Amino acid sequence: MSKQPPAAAGTPIDVVWLKKDVRLHDHGPLLSIAQSNRQCIILYLYEPDQLSEKTVHGSHVAFVNEGLVDLDLRLSSGNSEPTATNSDIQGDIYEHKFQCITVCHAGAAFTLRSIHKQRPINQILCHMESSHLKSFARDKAVRRWCRHEQIPIREMNQTGVTRCLSDRDDFTTKFNKFLGQPIHATPTKMQLDELRARLVKIEGDGIELHGRCHSPMKPSDMQEIASEFRCDRVQRQHGGETKAMEYFRSFLSSRGANYSTGISSPNSSWTTGSRLSPYLTWGHISLRYVIVITKQKQEELRASKKKAPSTPSPWLRSLASFQSRMHWRSHFIQKLESQPSLEKQDQCLAFSHLRRQPDDFNEKYFEAWCQGRTGFPFVDACMRSLIHTGWLNFRMRAMLVSFATYNLWLDWKKIAGHLARLFLDYEPGIHYPQLQMQAGTTGINAMRVYNVTKQGKDQDPSGVFIKKYVPELATVPDEYIHEPHIMPASLQKKCGVVIGDGKGGNEKKSKGIFQTEQSTTILSTKECICYPSPIVDEKITAKSAKDKLSAVRKQDSTKREAEQVYLKHGSRRTNGDRDGAKPKALNSASKRVKVDSAQQSLMKSWSQSQNGGAPNEKQEQAKLPAGQTSDCASDVKLLHSTENPVSASSISKSPLITSLFSKQNNANKHAEQNEWNCKACTFLNDKPLGLVCTMCGSVRA
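Criteria and thresholds
- Residues numbered from 1 in each chain as written.
- Predicted model: local features only at pLDDT ≥ 70, side-chain atom pairs only at ≥ 80, totals over all residues.
- Heavy atoms only, no water.
- Helix = DSSP H or I, 4+ residues; strand = E, 2+ residues; numbered from the N terminus.
- Buried < 20%, exposed > 50% of the residue type's maximum accessible area, 1.4 Å probe, protein only.
- Contact = heavy atoms within 4.5 Å.
- Areas by Shrake-Rupley, 256 points an atom, 1.4 Å probe, with all protein chains shown as cover.
- Arc of directions from axis to C-beta.
- Expected span 1.5 Å × (residues − 1).
- Core = buried A, V, L, I, M, F, W, Y, C linked by side-chain atoms within 4.5 Å.
- Salt bridge = Lys/Arg side-chain N within 4 Å of Asp/Glu carboxyl O.
- Phe/Tyr/Trp six-rings, centres within 6.5 Å; stacked < 30°, edge-to-face > 60°.
- Lys NZ or Arg CZ within 6 Å of the ring centre and 35° of its normal.
- pLDDT = per-residue confidence, 0-100.
- Pairing = 2+ DSSP bridges.
- Right-handed = clockwise from strand over helix to strand, strands pointing away.
- Axes fitted to C-alpha atoms, helices over the stretch in contact; angles between N-to-C directions.

**Here we look at the overall build of the chain**
Then, in step 1: On a plain count of helices and strands, the chain comes out with 29 helices and 12 strands.
Then, in step 2: Buried positions account for 53% of the 701 residues belonging to the chain.
Then, in step 3: Considering only contacts within the chain whose residues lie at least 6 apart along the sequence, 75% involve residues at least 24 apart.
Then, in step 4: Only carbon and sulfur atoms are counted for the fraction: they give 51% of the accessible area of the chain, which is about 31200 Å².

Here's what the structure looks like:
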């Protein structure tokens, strides 16, 4: 490797490299330079190699630009706290002239090298980033250059994710340690005033930087982004720390009360959800700040509850559910940090051949799904909602992926880019593990095949959401809003809508394709609005997909490979000694979704004993797992013995019964609390007797 030219003589400077952390609060790098007396540069880069990533959309850039302007206004005015005057900046952000942030349209290593040639860099301060492969490659290149030039680079943690995590069981401990560290103080007005005086003035100090941007760069001017993706979404949320704080305050003061009950529906989740996801993704609000402040709110609510225990309130349950999702977020990002290849390959390689055979990918299905023209109104409404706003609640996102990967049999890698561009809050560490989990290719999660018609009826019974985003169906009666293809032709004409070919009638199925009874009434598309009939048979395609995945899951080679996935990515610590023990969730596919048979029969036995009845001993014995037959059978017999009554103390001496009652007592305790944490993904489940995590499908430990 050739030796770089020596750096120019002069006073060394610090460089704060902004990436996905455009904010002032809980920002270690900015606080460090605010407390020092060294000259510095606050640098943000529109990086060509990052912009060329297939997941980038103009709405992402516009959101980031709003954050940059918001931060620059606060730095230049000395406003250490976000104020309303900073929030109303969307209309003229491209007229803003950067005062404190140095912005360039150039690569990271190239720009840092250029600065160092003209003014020696003392250190580079930034936040660690866990993102897509191009981001990993960029960070490696910068660190390699820093080592060569012997320049310290401090990458501070802002997500609780650990780089080079050696044991997945250590994640929770390290994450809690991260949360336990003090939040970085926001620089005071005096510190900001002093900081501005020490900022290197690029032109004034004789530093020339390639691609210098004096104002935010418009997405339409970024040639690295495909032309069709340079547009914005007019109904999206607006970026900036000020906006983030407004959303957070309103969530904790009013909107969050019904969080746990409202997040499943696309109608209610717009207001009951925190809506912080894009701000967390782009670093306009700190994850640690959100968790700590929410915890303070929880403590206040608990104190109030002690004073008025009889007053019902949904707040504590809702905030507990919200907190679990904050932990869950970092849990998934850790997966990609530990294995960046998840962006390109299946977690469990045994599934790699599925959906990738020559005739598997159906371009017409893919286009219909992307455009929201599948003939399934709820699916189409969800997709069009994303196209308009860039946001959708989690359950509906999972449903879209389930429909694409199971019913349409589309490869998750084929749909990844489209969804990433749609999601304003696109976070690679969540995106790729979740795509694989919903597609059933992780090997360690239960298959989650959504019945999209049922989901529509459950979450949007009157079709309010459908009619908002699929206006073609605005006049369709509620009775047919979820299945308009079964609407009679005469009613179609009355409603002014043509479904499919316009032949109304009763739904019939033949060889997996929807057919309708012939009708003498053929509607003219000149008189009515057109809406497609279902492009696939929902039940048949779902069954076909499940059969294909089940066949792979049952293979011994798949189970062995899935076990390795579990050991790498699953948090499975339930006791102190697990050496040589096979993870419980991997014993078989059925055990991840069904209650343990021994516990089931014993519970039934105990219930019958209370009612005076006794089950057949042979039947109970047959239900017990191998290796436990004699012990368990004797315990069951002990419970139902009528010839030799036993005392409660003698029953309690049985190890199995003791374990059973202990588990039942724990279950009752959880039932009272109405919640339990998944050991695998830390998600807080609100079904007290649930046996499987609703988030990741892992069996309840």
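**Considerations on helix 8 (residues 189-198)**
Then, in step 1: If you check which residues of helix 8 are buried, you get Gln191, Leu192, Leu195 and Arg198. Buried residues of helix 8, seen end-on, are gathered within an arc of 120° and therefore sit on one face of the element. Exposed positions of helix 8 whose direction lies more than 90 degrees from the buried face are Met190 and Ala197.
Then, in step 2: Next to the buried residues of helix 8 lie helix 1 (28-35), strand 2 (40-45) and helix 3 (58-77).

**A look at helix 9 (residues 241-253)**
Then, in step 1: For helix 9, which comprises 13 residues, the first-to-last C-alpha distance of 18 Å matches the rise-based estimate of 18 Å (1.5 Å per residue) to within 8%.
Then, in step 2: Turning to helix 9, its buried residues are Glu241, Thr242, Ala244, Met245, Phe248, Phe251 and Leu252.

**Section: the nonpolar core**
Then, in step 1: Within the largest apolar cluster, 58 residues are counted, with the highest numbers of intra-cluster contacts made by Ile42, Tyr44, Tyr46, Ile101 and Ile285.
Then, in step 2: Ranked by residue count, the leading element in this core is helix 3, at six residues.
Then, in step 3: Not counting the four nearest positions on each side in its chain, Ile101 is found in contact with Leu18, Ile42, Tyr44, Leu68, Leu71, Asp72 and Leu75.
Then, in step 4: Listed in part, the 48 residues of the second largest apolar core include Phe378, Leu386, Ala416 and Phe423.

**What to know about the pattern of salt bridges**
Then, in step 1: As enumerated under the stated definition, the model contains 26 salt bridges in all.
Then, in step 2: The shortest N-O distance in the salt bridge between Arg163 and Glu337 comes to 3.1 Å. Of the two residues, Arg163 sits in the loop between strand 5 (153-156) and helix 7 (171-180) while Glu337 sits in helix 14 (residues 315-338), which places them 174 residues apart along the sequence.
Then, in step 3: The exposure class assigned to Glu337 is buried, which follows from its relative accessible area of 8%.
Then, in step 4: Between Asp193 and Arg196 there is a salt bridge whose closest N-O contact spans 2.6 Å. Of the two residues, Asp193 and Arg196 are both situated in helix 8; the distance of three residues between them amounts to about one turn of the helix.
Then, in step 5: With a relative accessible area of 26%, Arg196 lands in the partly exposed category.
Then, in step 6: Members of the salt-bridge network, linked through shared partners, are Lys19, Glu47, Glu129, Arg138 and Asp139.

**Some words on unusual backbone geometry**
Then, in step 1: Unusually for a residue other than glycine, Asp26 sits at a positive phi of about 45°.
Then, in step 2: You can call Asp26 buried: its relative accessible area is 3%.
Then, in step 3: One non-glycine residue, Gln150, lies in positive phi territory at about 55°.
Then, in step 4: Turning to its location among the elements, Gln150 is positioned in the loop between helix 6 (133-149) and strand 5.

**Points about the side chain of Gln50**
Then, in step 1: Topologically, Gln50 is positioned in helix 2 (residues 48-51).
Then, in step 2: For Gln50, a relative accessible area of 12% translates into the label buried.
Then, in step 3: Not counting chain neighbours up to four residues away, the residues in contact with Gln50 comprise Val56, His132, Lys134, Ser135 and Arg138.

**Quick notes on the environment of Lys344**
Then, in step 1: Mapping Lys344 onto the fold places it in the loop between helix 14 and helix 15 (363-371).
Then, in step 2: The class for Lys344 is partly exposed, based on a relative accessible area of 46%.
Then, in step 3: Residues Lys344 and Tyr432 lie 88 residues apart in sequence; the distance between their C-alpha atoms is 8.7 Å.
Then, in step 4: With residues up to four places along the chain from it excluded, the contact list for Lys344 reads Leu133, Trp412 and Lys413.

**A few points about the environment of Leu354**
Then, in step 1: Along the chain, Leu354 turns up in the loop between helix 14 and helix 15.
Then, in step 2: Those residues in contact with Leu354 that sit more than four places away from it in its chain are Asp360, Trp409, Lys548, Leu549 and Val552.

**Structural notes on the packing of aromatic side chains**
Given two aromatic rings, their pairing is described by the distance between the two centres and the angle made by the two planes.
Then, in step 1: Here the structure, examined in full by the defined rule, presents 17 aromatic pairs.
Then, in step 2: An angle of 80° between the planes, with centres 5.7 Å apart, marks the rings of Phe251 and Tyr259 as edge-to-face. Summarising the burial analysis for this pair, Phe251 and Tyr259 share the class buried.
Then, in step 3: Between Trp328 and Phe332, the ring centres sit 5.0 Å apart and the planes meet at 55°, which makes this aromatic pair tilted. In this pair, Trp328 and Phe332 are both assigned in helix 14, four residues apart and thus about one turn of the helix distant. Each member of the pair, Trp328 together with Phe332, is buried.
Then, in step 4: Here a set of aromatic residues connected by ring pairs shows up, and it is made of Phe63, Tyr247 and Tyr279.
Then, in step 5: Positioned above the aromatic ring of Trp282, the side-chain terminus of Lys20 is 5.2 Å from the ring centre.
Then, in step 6: Taking the ring centre of Trp315 as reference, the NZ or CZ of Lys297 above it sits at 5.1 Å.

**Observations concerning the confidence of the model for the chain**
Then, in step 1: On average, residues of the chain score 83 in pLDDT, and 75% of them reach the 70 mark or higher.
Then, in step 2: This model gives residues 587-672 a pLDDT under 50, and the stretch forms 78 contacts once residues within four places in sequence are excluded.

**Considering the environment of Ala34**
Then, in step 1: By the element assignment, Ala34 lies in helix 1.
Then, in step 2: The spacing of Ala34 and Leu195 is 161 residues in sequence and 5.6 Å in space, taken between C-alpha atoms.

**Re the pairing of strand 2**
Then, in step 1: With six of six residues buried, strand 2 lies mostly within the body of the structure.
Then, in step 2: Here strand 1 (residues 13-18) runs beside strand 2; their pairing, made up of five bridges, is parallel. Across the sheet, the residue bridging to Asp14 is Cys40, located in strand 2.
Then, in step 3: For the crossover from strand 1 across helix 1 to strand 2, the handedness is right-handed.
Then, in step 4: In this structure, strand 2 lies alongside strand 3 (residues 101-104), joined through four bridges in parallel fashion.

**Looking at the pairing of strand 5**
Then, in step 1: Note that strand 4 (residues 121-127) and strand 5 share four bridges and pair parallel. Bridging from a neighbouring strand, Ile124 pairs with Ile153 of strand 5.
Then, in step 2: Regarding the hand of the β-α-β motif, the stretch spanning strand 4, helix 6 and strand 5 is right-handed.

**Focus on the sheet that holds strand 5**
Then, in step 1: What the six strands build is an open sheet, ordered 5-4-1-2-3-6; its pairing is mixed. Each end of this open sheet is capped by a strand with a single partner; those strands are strand 5 and strand 6 (212-213).
Then, in step 2: This element, helix 1, spans strand 1, strand 2, strand 4 and strand 5 of the sheet and lies at about 145° to strand 4.
Then, in step 3: Here helix 5 (residues 108-118) sits on the sheet in contact with strand 1, strand 2 and strand 4, set at roughly 155° to strand 2.

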